[in-house]
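The primary structure of each chain is shown beneath.
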Amino acid sequence: MIELRRSPRITVTWRAGIKLPDGKLVLAKLVNISAEGVLLHTTENLMPQRSYPMLIEIPGIFQESQIYKVSCKGTIRHAILSGEVYHVGIQLSEMSELHTELVTAWISKTAHLS
């Protein structure tokens, strides 16, 4: 199978929260992440093409017990219902340079181990 993504993705089991316009916080489980986006599972249907404020918990690269709470914005690219869970593809933006480097370090570390 030919990979069509621009950025490599790594499998993760991180947590995230997405803030809806009505103020409700939707909890989600990240399945994979790249420098540009994530795939997550959630019980809430999120509207494609809409942007939401997000918070992603990313473990430290050297000390995984140290958790970084990363604020960013996520634009929904697709949301597909599978059973009772939506598989949601999100393009990330407005992430700080430091946190972008943390994601890149995780991708490099994991790719090195493969």
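The model shown is predicted, which means the values in this text are computed figures rather than measured ones.

The next point concerns the overall build of the protein chain. A count of helices and strands for the protein chain gives one helix and seven strands. For the protein chain, the sequential pattern of α-helices and β-strands runs β-β-β-β-β-β-β-α. Against the compact-globule benchmark of 13 Å for 114 residues, the protein chain has a radius of gyration of 14 Å, which places it among compact chains. Within the protein chain, the proportion of its 114 residues that are buried is 39%. Across the protein chain, contacts joining residues at least 24 apart in sequence account for 50% of those joining residues at least 6 apart.

For the structure shown, the criterion picks out five salt bridges. Close ionic contact of E57 with K69 constitutes a salt bridge, the shortest N to O distance being 2.8 Å. With E57 in strand β5 (residues 51-59) and K69 in strand β6 (residues 67-82), this residue pair connects regions lying twelve residues apart in the sequence. Residue class for E57 comes out buried when judged on its relative accessible area of 16%. A residue is classified by how much of its surface remains accessible, and K69, at 51% relative accessible area, is exposed. The salt bridge involving E64 is made with K109; its shortest N-O contact spans 3.8 Å. With E64 in the loop between β5 and β6 and K109 in helix α1 (residues 97-113), this residue pair connects regions lying 45 residues apart in the sequence.

Core analysis: the largest hydrophobic core is formed by 30 residues, its most contacted members being L30, L40, I56 and I90. Mapped onto this core, the elements with two or more residues apiece are β2 (15-19), β3 (25-33), β4 (37-42), β5, β6, β7 (85-93) and α1. Once you skip the residues sitting within four places of it in the chain, I90 turns out to touch I18, E36, G37, V38, L40, M54, G74, T75, I76 and R77.

So, about the packing of aromatic side chains. Tallying each qualifying case throughout the model produces one aromatic pair. Here W14 and W106 contribute two aromatic rings whose centre-to-centre distance is 5.7 Å and whose plane-to-plane angle is 70°, an arrangement assigned as edge-to-face. Of the two residues, W14 sits in the loop between β1 (10-11) and β2 while W106 sits in helix α1, which places them 92 residues apart along the sequence. As far as burial versus exposure is concerned, W14 and W106 are alike and both buried.

Cut-off values and rules
Chains are numbered independently. Their residues run from 1 in the order of the written sequence. Under the rules for a predicted model, residues below a pLDDT of 70 receive no local features and side-chain atom pairs below 80 are neither given nor counted, while totals for whole chains, interfaces and linings still include all residues. Side-chain figures throughout are based on the complete set of non-hydrogen atoms in the structure, without hydrogens or water. Helix and strand assignments follow DSSP, with helices taken as H or I runs no shorter than four residues and strands as E runs no shorter than two, numbered in order from the N terminus. In this treatment the radius of gyration is a C-alpha quantity, and the globule benchmark scales as 2.2 Å times the residue count to the 0.38 power. Three exposure classes are used, based on accessible area relative to the maximum for each residue type with a 1.4 Å probe and protein chains only: buried under 20%, partly exposed in between, and exposed over 50%. Any two residues having at least one pair of non-hydrogen atoms within 4.5 Å are treated as being in contact. When a carboxyl oxygen of Asp or Glu is within 4 Å of a side-chain nitrogen of Lys or Arg, the pair counts as a salt bridge. As used in this record, nonpolar core signifies buried Ala, Val, Leu, Ile, Met, Phe, Trp, Tyr and Cys residues forming a set joined through side-chain atoms within 4.5 Å. Aromatic rings from Phe, Tyr and Trp, taking only the six-membered ring of Trp, are treated as a pair when their centres fall within 6.5 Å; an angle between ring planes under 30 degrees marks them as stacked, one over 60 as edge-to-face, and anything in between as tilted.

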